[in-house]
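Listed below are the residues making up each chain.
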Amino acid sequence: FLSGRTALITGSTSGIGEGVAKALASRGANIVFNGFGDENEIKKLVDNVQKDYNVQTTFIGGDLTKEKDVQALYDNALSKFPGGIDILVNNAGFQNVSPLENFPLDVFNKMVAVMLTAPFHLTKLCVGNMKQKGWGRIINIASVHGHVASPNKTAYVAIKHGIIGFTKAVAIETAGTGVTCTAMCPGYVETPLFIKQAEDIAKKIGGTYDDGKKQILRVHPTGEPVKVDEVSECVAFLCSQAASQMTGSSLIVDGGWVSH
Ligand code: NAD
């Protein structure tokens, strides 16, 4: 149901973004990949998605902490797909765990740049064309940390709450135009972002990776992590006709975390 549409997914060289790219490609969308990683691995991923799902794909790198790279990402995406971006998934992100007193200000600023400024900038660039076409999907990969807090994650929690506010504001500005803006709020998903935290905890407690993982997953009443495709399939749903009236809202997939 997405054939002829083009999706730009930031941070799609790994984890959730990669899963979202595959889920949308499997529905027929052309994909603009972005993110860091090994050049050969990225080429393999981008070529395989093109072949496996019979869609057009391209990779446009760039560091989302840099305003000029964000602009170049959009400009280059448009050169490849002159019809414009129909689906924008603001997904790129990273975590830094540290007590507030020791939290480096430059890391805070970088986190804001990737997870708040870049989504603002890309949405600003994409939304005009979406409105003109009368169809568009802006999906922000927020987090359960957009609704609840955890210790030593002040920057992440503030930013994820911020992106949920941005989602609501964009939804109101675009209401009635055929464009929707929604937030996905996963609990813990076992991607490299999660694995690093589990490894750090394992080191701290002198345990195994599984001990670290178990400790993190205490907040999930299910005791299980969310799988990447349990997030990406929801993103595909948000792109469907059935989700046309879902705008401004958050879709929470968290193993029961916020209900606890
Ligand atoms: P990941 O580390 O697997 O992937 C992150 C992606 O972002 C990578 O492709 C990376 O290259 C890219 N990226 C990071 N900094 C960038 C920059 N400056 N410029 C361009 N690209 C950059 O992590 P993930 O778990 O897949 O996270 C994706 C999103 O999901 C993030 O916004 C994260 O906050 C959110 N999220 C993750 C979890 C989880 O438990 N893994 C839970 C809730 C929300």
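This text goes with the structure placed above it.
As the structure is a prediction and not an experimental result, all values here were calculated from the model. The residue numbers shown here count from 1 along each chain, following its written sequence. Whole-chain, interface and lining totals are the exception, using all residues; otherwise, since this is a predicted model, local features are given only for residues with pLDDT of at least 70 and side-chain atom pairs are given and counted only at 80 or more. The side-chain figures draw on all heavy atoms in the structure; neither hydrogens nor water molecules are used.

This part takes up the packing of helix α1 (residues 15-26) against helix α8 (residues 228-238). In this analysis an axis means a line fitted to C-alpha atoms, helices contributing only their contacting stretch, and an angle means the value between N-to-C directions, from 0 to 180 degrees. Runs of H or I in DSSP of at least four residues are treated as helices and runs of E of at least two as strands, each being numbered from the N terminus. Where α1 meets α8, the axes come as close as 8 Å, and the angle between the chain directions of the two elements is 50°. Here α1 is positioned oblique relative to α8, judged by the angle of their axes. Relative to α8, α1 is oriented so that their crossing is right-handed. Counted together, Gly15, Ile16, Gly19, Val20, Ala23 and Leu24 of α1 and Val228, Val231, Ser232, Glu233, Val235 and Ala236 of α8 form the full contact between these two elements. Throughout, the ten residues Ala, Val, Leu, Ile, Met, Phe, Trp, Tyr, Cys and Pro are labelled nonpolar, Asp, Glu, Lys and Arg are labelled charged, and all others, Gly among them, are labelled polar. Split into classes, the residues belonging to the contact of α1 with α8 amount to 8 nonpolar, 3 polar and 1 charged. When describing relative orientation, an angle under 35 degrees is termed roughly parallel and one over 145 degrees roughly antiparallel, while 65 to 115 degrees is termed roughly perpendicular and anything else oblique. Should the near helix be turned anticlockwise from the far one by less than a right angle, the crossing is termed left-handed; should it be turned clockwise, right-handed. Between two residues, a contact is recorded if the distance between any of their heavy atoms is within 4.5 Å.

With respect to the helices, strands and loops of the structure, glycine 15 is situated in helix α1. The sequence separation of glycine 15 and serine 232 amounts to 217 residues, and the corresponding C-alpha distance is 10 Å. Leave out the neighbours within four places in its chain, and glycine 15 touches Thr191 and Val228.

So, on to the nonpolar core. Definition used in this section: a nonpolar core is a set of buried Ala, Val, Leu, Ile, Met, Phe, Trp, Tyr and Cys residues joined via side-chain atoms within 4.5 Å. In this scheme, a residue with accessible area under 20% of its type's maximum is buried, one over 50% is exposed, and one in between is partly exposed, where area comes from a 1.4 Å probe on protein chains only. Val32, Leu88, Met111 and Ile138 are the most contacted members of the largest nonpolar core, which totals 37 residues. Take this core: its biggest share by element is 10 residues, from helix α4 (residues 105-133). Leave out the neighbours within four places in its chain, and leucine 88 touches Leu8, Leu122, Thr123, Cys126, Met130, Arg137, Ile138 and Ile139. Counting residues in hydrophobic clusters, the runner-up holds 30 residues, among them Ala29, Ile87, Val235 and Val253.

A molecule or strand has a residue near it when one of that residue's heavy atoms lies within 4 Å. Taken together, 29 residues lie near the ligand, and Ser14, Asn91, Tyr156, Val189 and Thr191 sit nearest. In this structure, an oxygen atom belonging to the ligand sits 2.6 Å away from a side-chain N or O atom of serine 14. By the criterion applied in these results, polar contacts are pairs of N or O atoms within 3.5 Å in which, for protein atoms, one can donate a hydrogen and the other can accept it, and in which residues neighboring in sequence qualify only through two side-chain atoms. Residue tyrosine 156 places a side-chain N or O atom 2.5 Å away from an oxygen atom belonging to the ligand. The Shrake-Rupley method, run with a 1.4 Å probe, gives the accessible areas here. Residue values count only the displayed protein chains as cover. Taking 830 Å² as the accessible area of the ligand by itself, protein coverage stands at 93%. The class makeup of the residues in the shell around the ligand is 13 nonpolar, 14 polar and 2 charged.

Looking now at the sheet that holds strand β7 (residues 250-253). Strand order in the open sheet formed by 7 strands is β3-β2-β1-β4-β5-β6-β7, with parallel pairing between adjacent strands. The open sheet terminates on both sides in strands that have one partner only, identified here as β3 (57-59) and β7. Recorded for the sheet is a direction-independent mean angle of 15° between the axes of neighbouring strands. At least two bridges found by DSSP between two strands is the condition for calling them paired. Where strand β1 (residues 6-9) meets strand β4 (residues 87-90), 3 bridges bridge the pair, whose relative direction is parallel. Paired with alanine 7 across the two strands is isoleucine 87, which belongs to β4. On the sheet, α1 packs against β1, β2 (30-33), β4, β5 (136-141) and β6 (179-186) and is oriented at approximately 175° with respect to β1. Packed on one face of the sheet, α4 meets β1, β4, β5 and β6 and runs near 170° to β4.

Another aspect to go through is the pattern of salt bridges. Here a salt bridge means any side-chain nitrogen of Lys or Arg lying within 4 Å of a carboxyl oxygen belonging to Asp or Glu. Counted according to the given criterion, the structure contains 10 salt bridges. A salt bridge links lysine 196 to aspartate 200; its shortest N-O distance comes to 3.1 Å. Here lysine 196 and its partner aspartate 200 are both found in helix α6 (residues 192-205), 4 residues apart, which amounts to about one turn of the helix. By relative accessible area, aspartate 200 is classed as partly exposed at 35%.

Keep in mind these values describe shape, not function.
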